Amino acid sequence: MTGSRLLRSLLRIGAMAGKEAIHVRRDPRTLGLALVMPVVMLFLFGYGVSSDLDHIPLVFADQDQSEASRALARAFDGSGEFTVVGRPAPEGVEALFRGGVAVAALVVPRGYQRDLLLGKRAEVQLMLDGADPVVGNQVLAKADAIARVESQRLAGAAFARLQPPLQVKVWTRYNPEGRSALYMVPGLSAFLLAITAVMLTALAIAGEWERGSMEQLFASPVGRLEIVLGKLLPYLVLGLLELLLVVAFGALVFDVPIRGSLPLIMLFGLVFMAGMLGQGLFISVVAKNQLVATQAGALSAMLPAIILSGMIFPIENMPLPLRTISRLIPSRYLVHGLRGILLKGNGLDVLWPDLLAMALFAVAILGLATARFKRRVA
Amino acid sequence: MTASAPAGAAVDHAIVVSDLTRRFGEFTAVDRVSFEVEQGEIFGYLGANGAGKSTTIRMLIGLLAPSGGKATVAGHDVATAPNRVKESIGYMSQKFSLYLDLPVEENLLFFGAAYGLEGKALRLRSAELLERVGLDAQHEATTGDLPGGQRQRLALACALLHRPGIVFLDEPTAGVDPVARRAFWELIRELARGGTTVFVTTHYLDEAEYCRRIGLMVDGKLVALDTPAGLKRTWVPDRVLVARGRGLAAAGSRLQGAAGVRAVAPFGAGLHLRVDPARLDGAAVAQALREAGAEAVEVEEASPSLEDVFLAVVDRSAERRP
Ligand SMILES: Nc1ncnc2c1ncn2[C@@H]1O[C@H](COP(=O)(O)OP(=O)(O)OP(=O)(O)O)[C@@H](O)[C@H]1O
Ligand SMILES: [Mg+2]
């Protein structure tokens with residue numbers, strides 16, 4: 001009895017979702033918005049950077065003054081990517097940064113050559129001007145590549161080792177948390193998912209009210225929860241596709257690593273989307289028509305995702321009130337979570353608070369929206 | 001189904017409504033309305049804009065909770081078992097619009113699935129209905145490309161997929177051309193002949209003639225309820241005569257105010273007269289017109305239209321208001 005009722009309910013949800021999928025398929029604008037926009041935006045963020053960035057001005061603060069450290073300097077200078085524009089003492093680096101003479105500094109500590117010879121790990125520091133995260137990303141990626149080659153050369157000389165002998169430690173000035181454009185891919189993911197979920201669902205459901213077909217649905221045995229689930233499902237799938245697309249393009253175009261697990265990325269995307277879909281649903285129940293729903297959807301999805309998520313402006317640098325508000329913004333947790341998974345290879349053991357925060361938001365907003373939805377008659 | 005019908009309830013009543021009321025805040029949109037609709041009849045619900053027709057329907061289909069009174073549809077109480085009601089009725093809302101971006105057939109398949117049909121049964125049923133409403137050739141067309149009349153027929157088909165015993169049609173022919181309206185009403189009558197109860201609202205008084213019985217709503221109240229003929233007898237007791245001939249204008253004005261003559265009005269090239277049926281008939285009026293100077297007079301009795309009824313009802317209600 002209950003089994004067959006559940007089955008009937010699932011069939012109705014399937015019918016709703018199937019119909020919605022046909023809408024999406026037949027509307028090139030929706031698909032375009034959902035699948036082309038991410039790619040376009042990634043390239044927008046990525047361009048301007050790759051074309052004119054070679055001979056990046058670098059200062060080389062050599063405290064070791066050894067054969068090995070000079071080899072490292074040659075590796076950087078001879079790559080064509082960097083030009084050594086000065087060799088100050090470490091105390092002078094700050095001034096060169098502030099004066100805009102260099103956007104990166106390589107600091108080789110005393111004992112570099114000794115450590116290498118002893119077979120210990122030698123550490124150098126790369127300091128970045130992180131004010132422009134896009135530039136920062138390029139610098140980081142290139143410095144990383146050169147250091148890896150140098151590391152391989154050293155390892156080859158001293159036979160195979162388990163650990164790379166050369167370790168580059170990165171310090172970013174001016175923008176310590178939003179360290180580089182590597183961090184943009186997670187941010188962009190949050191931004192795009194939020195837009196897709198909130199805007200498209202708000203639009204789709206407001207359209208159903210406006211068209212009058214919502215009343216027709218209410219008059220049928222399809223339950224309100226079934227309507228909600230059926231309508232949201234296709235957009236959930238679409239959003240996850242977007243996430244895959246952004247991560248894949250990020251990896252291909254920006255060399256953004258995927259150090260953690262892909263299923264975990266999808267889990268984060270799923271929970272985040274649930275909250276965003278709830279937000280879209282809520283807007284569409286409150287807004288009376290598609291126009292209002294679009295505007296409210298765009299504002300409530302985009303602004304927090306850009307301003308408060310840490311995508312561009314580091315949360316640590318925000319004034320206290322904004323920092324507090326940002327705790328209520330799910331994109332903040334997605335950005336943090338994705339950064340952790342992609343860049344650091346973190347797992348759930350580290351990132352569960354982010355997941356929990358997003359889940360709480362999703363439950364709260366979906367509950368609120370469904371309650372409003374139930375009370376509203378066509 | 002019968003289990004939830006109270007014992008002894010009249011089984012041949014598809015809809016039983018008593019003192020049904022709906023308030024929106026201070027405003028009473030439907031005010032203690034009572035009526036019954038028999039199984040298989042076409043029941044017309046007439047009223048001006050804002051009279052409360054749609055609100056009544058929305059209560060009857062379990063969409064809107066009544067503020068007072070009771071209504072039973074297909075044996076189910078609309079207040080306590082709205083879901084049972086929804087399963088046993090078909091509904092075409094006033095604002096009904098199909099999914100215009102979907103093909104014709106997808107609309108049917110979707111609404112069929114919403115009502116729990118599936119697989120082969122659903123496909124067969126939708127093909128059958130497409131044929132019945134004359135849209136089988138257009139089943140792949142995009143719904144938005146259909147003309148209004150065909151859309152309304154498709155909407156009707158969508159409401160009939162699950163073979164409901166009762167259908168509620170809220171102004172189904174609004175904004176459709178006369179030919180399409182006639183075709184649509186042919187479908188409605190066919191439906192009723194097959195035993196389906198049809199509850200239909202309309203603005204078109206000529207359409208109301210097709211209904212077996214008509215309820216007239218004025219400001220939320222049901223002020224008249226009868227067959228079209230019965231309504232005319234009660235509300236337009238005058239005999240309506242149409243006179244043709246020469247010199248009628250002058251003769252007519254002389255007749256104005258004569259015993260038994262209630263109204264005289266020019267009507268095209270002729271005259272429209274309303275007379276007391278107890279005192280005057282066609283022959284007597286023809287005679288009087290001739291005596292008043294008209295020539296070649298012919299007088300014919302015309303039947304009152306529902307429009308006459310409607311105007312009389314509205315007049316009466318207006319008089320009663322303080
Ligand atoms: N949800 C609502 N909230 C407040 N007032 C409402 C609501 N629904 C209807 N009304 C009011 O109730 C009255 C009756 O509306 P209803 O839609 O039943 O009229 P109708 O007879 O169907 O008119 P029409 O021919 O224009 O469709 C109208 O004055 C309308 O403004
Ligand atoms: Mg209405």
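What you see is a predicted model; the values in this text were computed from it and never measured.

Basis of the calculations
- Residues numbered from 1 in each chain as written.
- Chains lettered and ligands numbered in written order.
- Predicted model: local features only at pLDDT ≥ 70, side-chain atom pairs only at ≥ 80, totals over all residues.
- Heavy atoms only, no water.
- Helix = DSSP H or I, 4+ residues; strand = E, 2+ residues; numbered from the N terminus.
- Buried < 20%, exposed > 50% of the residue type's maximum accessible area, 1.4 Å probe, protein only.
- Contact = heavy atoms within 4.5 Å.
- Areas by Shrake-Rupley, 256 points an atom, 1.4 Å probe, with all protein chains shown as cover.
- Lys, Arg positive; Asp, Glu negative; His and termini not counted.
- Charge placed at Lys NZ, Arg CZ, Asp CG, Glu CD.
- Core = buried A, V, L, I, M, F, W, Y, C linked by side-chain atoms within 4.5 Å.
- Buried area = accessible area lost by both parts, 1.4 Å probe.
- Salt bridge = Lys/Arg side-chain N within 4 Å of Asp/Glu carboxyl O.
- Polar contact = N/O pair within 3.5 Å; in protein donor to acceptor, adjacent residues only side chain to side chain.
- Axes fitted to C-alpha atoms, helices over the stretch in contact; angles between N-to-C directions.
- Parallel < 35°, antiparallel > 145°, perpendicular 65-115°, else oblique.
- Left-handed = near helix turned anticlockwise from the far one by under 90°.
- Nonpolar A, V, L, I, M, F, W, Y, C, P; charged D, E, K, R; others polar.
- Phe/Tyr/Trp six-rings, centres within 6.5 Å; stacked < 30°, edge-to-face > 60°.
- Lys NZ or Arg CZ within 6 Å of the ring centre and 35° of its normal.
- Domains from an automatic or database assignment.
- Donors = N, O, S within 2.8 Å, 3.2 Å for Na, K, Ca; no water.
- Pairing = 2+ DSSP bridges.
- Near = heavy atom within 4 Å.

A. Structural detail: the overall build of chain B. A count of helices and strands for chain B gives eleven helices and 14 strands. Counting only C-alpha atoms and orienting by the principal axes, one finds that chain B spans roughly 75 × 45 × 35 Å. Classification of the 322 residues of chain B by burial places 51% in the buried group. Across chain B, the fraction of contacts at a sequence separation of at least 24, relative to all contacts at a separation of at least 6, is 69%. Just so you have it, chain B exposes about 14900 Å², and 50% of that area is on carbon and sulfur atoms. Seen as two clouds, the 36 positive and the 40 negative side-chain charges of chain B have centres 3 Å apart.

B. Molecular detail of the nonpolar core. Counting residues in each nonpolar core, the largest one holds 149 residues, and the members touching the most others are I15, F35, L60, V73, F168, L169 and F199 of chain B. The element that contributes the greatest number of residues to this core is helix α7 (residues 184–211) of chain A, accounting for 17 residues. Listed in part, the 23 residues of the second largest apolar core include V84, L106, L116 and A122 of chain A.

C. Quick look at the interface of chain B and chain A. Chain B puts 25 residues into the contact, and the matching count from chain A is 24 residues. Together, the buried faces of chain B and chain A total about 2300 Å²; carbon and sulfur atoms form 59% of this surface. Interface area lost by chain B to chain A is led by L63, Y99 and F110 of chain B, which between them contribute 25%. In this assembly, chain B and chain A are joined by one salt bridge. Across the salt bridge formed by R58 of chain B and E215 of chain A, the nearest N and O atoms sit 3.0 Å from each other. Connecting chain B to chain A are ten residue pairs in polar contact (both at pLDDT 80 or more).

D. Representation of the pattern of salt bridges within the structure. All names here are of chain B. Inspection of the entire model under this criterion finds 28 salt bridges over all chains. Between R212 and E38 there is a salt bridge, with the nearest N and O atoms lying 3.1 Å from each other. Of this pair, R212 sits in the loop between α7 (205–208) and β9 (213–218) while E38 sits in strand β2 (residues 27–38); the two residues are 174 residues apart in sequence, bridging distant segments of the chain. The class for E38 is partly exposed, based on a relative accessible area of 32%. The salt bridge partner of R246 is E295, with a shortest N-O separation of 3.4 Å. On the criterion of sequence distance, the pair formed by R246 in strand β11 (residues 239–246) and E295 in strand β14 (residues 295–302) is long-range, its members being 49 residues apart. Exposure remark for R246: the relative accessible area of 53% places this residue in the exposed category. With relative accessibility at 45%, the residue E295 sits in the partly exposed group.

E. Structural view of the packing of helix α3 (residues 104–114) of chain B against helix α5 (residues 148–160) of chain B. Residue and element names in this part refer to chain B. Orientation of α3 relative to α5, taken along the N-to-C sense of each, is 25°, at an axis distance of 8 Å. Accordingly, the angle class assigned to the pair α3 and α5 is roughly parallel. Crossing handedness for the pair α3 and α5: right-handed. On α5, the residues that touch V104, N107, L108 and F111 of α3 are L154, A157 and C158. Looking at the contact of α3 with α5 residue by residue, the classes come out as six nonpolar, one polar and no charged.

F. Highlighting the packing of aromatic side chains. Tallied over the entire structure, the rule returns 15 aromatic pairs over all chains. With 5.7 Å between their ring centres and 80° between their planes, W209 of chain A and F218 of chain A make a pair best called edge-to-face. F218 of chain A matches W209 of chain A in its accessibility class, with the two residues each being buried. A connected cluster of aromatic rings, assembled from ring pairs, spans F35, F43, Y45, F168 and F199 of chain B. Positioned over the ring face of F110 of chain B is K19 of chain A, at 5.2 Å from the centre of the ring. Just above the ring of Y204 of chain B sits the side chain of R181 of chain B; from NZ or CZ to the centre is 3.6 Å.

G. Fine view of the domain arrangement of chain A. Looking at the assigned domains, one finds that chain A contains domain 1 (10–49 + 179–372) and domain 2 (56–156). Using only C-alpha atoms to locate each centre, domain 1 of chain A and domain 2 of chain A end up separated by 40 Å.

H. A look at unusual backbone geometry. All names here are of chain B. At R32, a position not held by glycine, the phi torsion is positive, near 40°. Position of R32 relative to the elements: it lies in strand β2. We classify R32 as exposed; its relative accessible area is 56%.

I. The coordination of the magnesium ion (ligand 2), seen in detail. Residues and elements named next belong to chain B. Here the magnesium ion (ligand 2) is held by the protein donor atoms S54 (OG) and Q94 (OE1), which lie 1.8 to 2.1 Å from it. One end of the pair, S54, is in helix α1 (residues 53–60); the other, Q94, is in the loop between β6 (89–92) and α3, and 40 residues separate them in sequence. Classification of Q94 by relative accessible area gives partly exposed; the value is 43%.

J. Just the sheet that holds strand β3 (residues 42–47) of chain B, in detail. All names here are of chain B. Pairing within the open sheet is mixed, and its six strands lie in the order β6-β7-β8-β3-β9-β10. With one partner strand each, in any of the chains shown, β6 and β10 (221–226) form the two edges of the open sheet. Each strand of the sheet is rotated relative to its neighbour by a mean of 15°, with strand direction disregarded. Here β6 pairs with strand β7 (residues 166–170) via four bridges, running parallel. Considered in β7, the bridge of M92 is made with L169. Across the face of the sheet, helix α6 (residues 178–193) comes into contact with β3, β6, β7 and β8 (197–202) while running at roughly 135° to β3. Its contacts with the sheet put helix α11 (residues 306–320) on β3, β9 and β10, and the angle it makes with β9 is roughly 35°.

K. Representation of the site of ligand 1 in the model. Residues and elements named next belong to chain B. The environment of ligand 1 is formed by 14 residues, the closest being G50, K53, S54, T55 and Q94. In the model, an oxygen atom of ligand 1 is placed 3.2 Å from a nitrogen or oxygen of the N49 side chain. Between ligand 1 and the protein, one listed contact pairs an oxygen atom with a side-chain N or O atom of S54 at 2.7 Å. Elements that contribute at least two residues to the shell around ligand 1 include exactly β2 and α1. In terms of residues, the shell around ligand 1 owes the most to one element, α1, which gives three residues. Looking at the shell around ligand 1, its residues break down into five nonpolar, seven polar and two charged.

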